[in-house]
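Notes for the structure review
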Amino acid sequence: MSETESLAEKREQAAKVLREILDLMGIDAEVSGFDDGERIILDAHGSESGLVIGKKGATLDALQYLVNRIVFRKPGESAGVIVDAEGYRGRREDSLTDLAKRLAEKAVRSGRPVPVEPMNAHDRRVVHMALADHPDVTTESEGEGMARRVVIFPKRSAGLEAT
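Residues numbered from 1 in each chain as written. Predicted model: local features only at pLDDT ≥ 70, side-chain atom pairs only at ≥ 80, totals over all residues. Heavy atoms only, no water.

1. Re the overall build of the chain
Helix and strand counts for the chain stand at five helices and six strands. Listed N to C, the secondary structure of the chain is α-β-β-α-α-β-α-β-α-β-β in terms of helices and strands. Here the chain has a C-alpha radius of gyration of 19 Å; the compact-globule value for 163 residues is 15 Å, and the former is much larger. Judged by the C-alpha coordinates and their principal axes, the chain covers about 65 × 35 × 25 Å. Taking all 163 residues of the chain together, the buried fraction comes to 34%. By element, 51% of the accessible surface of the chain is carried by carbon and sulfur atoms, the whole surface being about 9900 Å². When the 24 positive and 29 negative side-chain charges of the chain are each reduced to one mean point, those points stand 7 Å apart. (Helix = DSSP H or I, 4+ residues; strand = E, 2+ residues; numbered from the N terminus. Rg over C-alpha atoms; globule rule 2.2 N^0.38 Å. Buried < 20%, exposed > 50% of the residue type's maximum accessible area, 1.4 Å probe, protein only. Areas by Shrake-Rupley, 256 points an atom, 1.4 Å probe, with all protein chains shown as cover. Lys, Arg positive; Asp, Glu negative; His and termini not counted. Charge placed at Lys NZ, Arg CZ, Asp CG, Glu CD.)

2. Quick word on the pattern of salt bridges
The full count for this structure, using the stated rule, is seven salt bridges. Between lysine 16 and glutamate 20 there is a salt bridge; the shortest N-O distance is 3.1 Å. Of this pair, lysine 16 and glutamate 20 both sit in helix H1 (residues 3-25), separated by four residues, roughly a single helical turn. Look at glutamate 20 and you get partly exposed, because its relative accessible area is 38%. With a shortest N-O distance of 3.1 Å, arginine 89 and aspartate 61 are connected by a salt bridge. (Salt bridge = Lys/Arg side-chain N within 4 Å of Asp/Glu carboxyl O.)

3. Section: the side chain of arginine 124
Among the structural elements, arginine 124 can be located in helix H5 (residues 121-131). Although arginine 124 is buried, it makes no salt bridge; aspartate 123 carries the closest opposite charge, 8.5 Å away. Within the structure, arginine 124 has its side chain in polar contact with the backbone oxygen of methionine 119 (distance 2.6 Å). Excluding residues within four positions of it along the chain, arginine 124 makes contact with Met119, Ser141, Arg148, Arg149 and Val150. (Polar contact = N/O pair within 3.5 Å; in protein donor to acceptor, adjacent residues only side chain to side chain. Contact = heavy atoms within 4.5 Å.)

Here is the structure:
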């Protein structure tokens, strides 16, 4: 059995698992799956997709964790299932990138660190990546657990020059 056949089998298994979980939750949604050669992407869509997403994607994250744990049980197996609903993850990344850029401008203008709301590891990574090449700010994660957040630091007090 080749690696692509294995990925196709895992994709079908992951889609079946997600369908079963959604059925058990009483959520009416269709599940489609595809892979990019490395990861499996599952998309739930239907009239109740808001329930699949949850607050700030929390339900999506929980579903993704469950599907990964069920489909990839053996140690060393790749945890490569992404669960999405109606393109939410892409929209969330775009809005986090915009937020990061606005807050970076604020940090530069004020000359002071600007904390971002607490968020999960994936969202923090999006903010770090969005500002990785910014010439005037650096980012660090601070805090523990659910209170962990990104703080945007100005590299110099560019916003406080001769006013």
